[in-house]
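Architecture and fold: a report
Listed below are the residues making up each chain.
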Amino acid sequence: MKRVVITGAGTINALAHDVPGTFEAMREGRCGIGPLDFRDVDRLAIRIGGQVRGYDEHAHFNRQQIALYDRFTQYTLLAAREAIGQSGLSFAGELAARSGVVLGTAGGGVTTWDENYRSVYEEGKNRVHPFVVPKLMNNAATSHVSMEWNLKGPSFTVATACSSSNHAMGQAFWLIRSGACTAMVTGGSESMMCFGGVKAWEGLRVMSKDACRPFSLRRNGMVQGEGAGIFVFEEYEHARARGAEILAEVIGFAMTSDAADIVMPSKQGAARAILGAVTDARIDKETVGYINAHGTGTAANDKTECAAVSDAFGAHADTLMISSTKSMHGHLIGGTGAVELLACIMAVRDGVIAPTIGYEEPDPECALDVVPNEAREAKVEVALSNAFAFGGLNAVLALRAA
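Residues numbered from 1 in each chain as written. Predicted model: local features only at pLDDT ≥ 70, side-chain atom pairs only at ≥ 80, totals over all residues. Heavy atoms only, no water.

Quick word on the packing of aromatic side chains
Here is the rule: Between rings of Phe, Tyr and Trp, where Trp is taken as its six-membered ring, a pair exists when centres lie within 6.5 Å; planes separated by under 30 degrees are stacked, by over 60 edge-to-face, and by other angles tilted. Numbering of helices and strands runs from the N terminus; a helix is a DSSP stretch of H or I covering at least four residues, while a strand is a stretch of E covering at least two. Accessible area is worked out with a 1.4 Å probe on protein chains only. A residue is then buried under 20% of its type maximum, exposed over 50%, and partly exposed in between.
This model, assessed by the stated rule, comprises six aromatic pairs. Geometrically, the ring pair formed by Y55 and Y75 is edge-to-face, given 5.3 Å between the ring centres and 70° between the ring planes. Pair noted here: Y55 is in the loop between β3 (48–49) and α2 (63–68) and Y75 is in helix α3 (residues 71–87), with a separation of 20 residues, a long-range link. Neither residue differs from the other here; Y55 and Y75 are each classed as buried. Ring centres of W113 and Y117 lie 5.6 Å apart, and the angle between their planes is 25°; on these two criteria the pair is classed as stacked. Pair noted here: W113 and Y117 are both in helix α5 (residues 110–122), with a separation of four residues, about one helical turn. Judged by relative accessible area, which is 37%, W113 ranks as partly exposed.

Put into structure tokens, the structure is as follows:
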């Protein structure tokens, strides 16, 4: 099987509009969560989120593009520009035919849905823009990335709620490892920062009104975020032959289904996904030094995830570092695993472990090293990225230092 490496990374999120800024914010333990700023926010009970600040769509796209690009697509394209630019790849000829796009999103064009429902139902208009459907469809971002960079290989979108990005990146990994593709643009994006997007999540009663505090005893819920994380996955020999900078190597992936409950997580399902990624990577469990947790800040998720890690690693769980960067950038739902993969790259490449901020007091049911409040320098050989979604759909990726 082919080896798979990461040769480009790009992002825009609540912490920064690029990868270097995001790494800096993670090192500093900076919080990107703050008051929400959009129409009708005063009608919401939840008024905080990891909103992308200082963003001007007109600085990046022309009027015709804005008419066609929902915010989640805009974020994807901006992150892809950074990732593909860093990779140095130019997709033409055979490489174009052997390269594709696999992206994750849970909601797709939620802001477009919200704007047009308001237009029709609240304002009483009888027409919507002719591009509403191609703007809101979940595969819009994938399609626009493929068109902008001439990517003619396998291209599709994965929607598995909070595991969407990890599932997408896992498919990209498999396509290259199998020899079917040479390079893939992959990751995910989400933008639910609008009245309807937040109101829907309010109904679940899992949202915090003040902060995201994963693993902390008095945590009181998750906080939404938005943005994108995009990567260039590439076949190792191809990358080495052209002298590309390698950020990290993707060495394993696994996915499982709890087959149990639509919202409550299963320790067994999560543990099987974690062990599956380790087995797929063909490594000893003891080589894993860091886990970027799903870590939503809800009581059920955090204690279940810690129990799954303990079951999967046994005594080694006590020496692992596990942190949730959602405490800083919020929960990007379908895009969250992609932004969180940056923390895994930082761990294996730079030896910097992103912290779990907002941590106040220990929870006996989350008695692991959660890297509280401050980043840590540590040599890490292998890092895992966990994603566990509503519906019981789990996906775990394994990275190794290049």
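This is not the end of the story, as more comes after the structure.
Quick notes on the side chain of Q51
The condition that has to hold: Polar contact criterion, stated in full: a pair of N or O atoms within 3.5 Å, where within protein one must be able to donate a hydrogen and the other to accept it, and residues adjacent in sequence count only if both atoms are side-chain atoms. Working rule for contacts: check all heavy atoms of both residues, and any pair within 4.5 Å makes them a contact.
Tracing the backbone through its elements, the reader meets Q51 in the loop between β3 and α2. Since its relative accessible area comes to 9%, Q51 is described here as buried. Here D37 takes part through its backbone nitrogen, which lies 2.9 Å from a polar atom of the side chain of Q51. In this view, Q51 contacts A14, G32, P35, L36, D37, F38, M193 and E226; residues no more than four positions away in its chain are not counted.

Observations concerning the nonpolar core
Threshold: Here, the term nonpolar core denotes a set of buried Ala, Val, Leu, Ile, Met, Phe, Trp, Tyr and Cys residues that are joined through side-chain atoms within 4.5 Å.
In terms of nonpolar packing, the biggest core is built from 47 residues, with I6, F231, F233 and Y290 touching the most fellow members. Looking at this core, the elements that each hand over two or more residues are β1 (4–13), α1 (19–28), α8 (164–177), β7 (227–235), β8 (248–257), α14 (336–350), β11 (352–353) and β14 (393–400). When residues of this core are assigned to their parent elements, the largest contribution, nine residues, is made by α14. Not counting chain neighbours up to four residues away, the residues in contact with I6 comprise F231, V232, F233, E245, I246, L247, A248, V250, L341, I345 and L399. In terms of nonpolar packing, the next biggest core, distinct from the first, is built from 31 residues, A254, A273, A317 and F388 among them.

With respect to helix α11 (residues 267–281)
This is how the line gets drawn: The span expected for a helix works out to 1.5 Å for each residue beyond the first.
In this model α11 runs 21 Å from its N-terminal to its C-terminal C-alpha over 15 residues, within 8% of the 21 Å that 1.5 Å per residue would give. Regarding α11, the residues found buried are G269, A270, A271, A273, I274, A277, V278 and A281. In the core, the buried residues of α11 are packed alongside β8, β9 (288–292), α12 (299–313), β13 (382–389) and β14. You can read the cap of α11 off the contacts: a side-chain oxygen lies 3.2 Å from the backbone nitrogen of Q268, and it is on S266. Taken from the residues just after α11, R282 is the one with a positive phi, measuring 60°.

A few points about helix α7 (residues 140–149)
Across the 10 residues of α7, seven count as buried, placing the element largely inside the fold. Every buried residue belonging to α7 is among A140, A141, T142, H144, V145, S146 and W149, and all of these are buried. Looking at the buried positions of α7, the neighbouring elements they touch are α2, α3, β4 (99–104), α6 (132–136), β5 (155–158) and β6 (183–190). The first or second residue beyond α7 is N150, which carries a positive phi of 60°.

Looking at the packing of α8 against α14
The test is simple: A fitted line through C-alpha atoms represents every axis, and for helices the fit uses only the stretch in contact; the resulting angles, taken between N-to-C directions, go from 0 to 180 degrees. Should an angle fall under 35 degrees it is called roughly parallel, over 145 degrees roughly antiparallel, and 65 to 115 degrees roughly perpendicular, with every other angle called oblique. Each residue is assigned to one class: nonpolar for Ala, Val, Leu, Ile, Met, Phe, Trp, Tyr, Cys and Pro, charged for Asp, Glu, Lys and Arg, and polar for all the others, Gly among them.
Contact pair α8 / α14: the axes reach a minimum separation of 6 Å and the direction vectors enclose 70°. What the angle tells us is that α8 and α14 run roughly perpendicular. Facing S165, N166 and M169 of α8, the residues of α14 in contact are T336, G337, A338 and L341. Broken down by class, the residue content of the contact of α8 with α14 amounts to three nonpolar, four polar and no charged.

With respect to unusual backbone geometry
Excluding glycine, a negative phi dihedral is what most residues carry, and trans is how most peptide bonds are arranged. Unusually for a residue other than glycine, R282 sits at a positive phi of about 60°. Among the secondary structure elements, R282 is positioned in the loop between α11 and β9. Here R282 falls in the exposed class, since its relative accessible area comes to 70%. In this model, N373 sits at a positive phi of 70°, which is unusual for a non-glycine residue. Mapped onto the secondary structure, N373 falls in the loop between β11 and β12 (376–377).

Some thoughts on the packing of α1 against α14
Between α1 and α14, the shortest axis-to-axis distance is 11 Å and the interhelical angle comes to 75°. Taken together, α1 and α14 sit at an angle that is classed as roughly perpendicular. Contact residues: α1 offers V19, T22, F23, M26 and R27, while α14 offers V339, L342, A343, I345, M346, R349 and D350. A breakdown of the residues in the contact of α1 with α14 according to their chemical character gives eight nonpolar, one polar and three charged.

That's the geometry; what it means functionally is another story.
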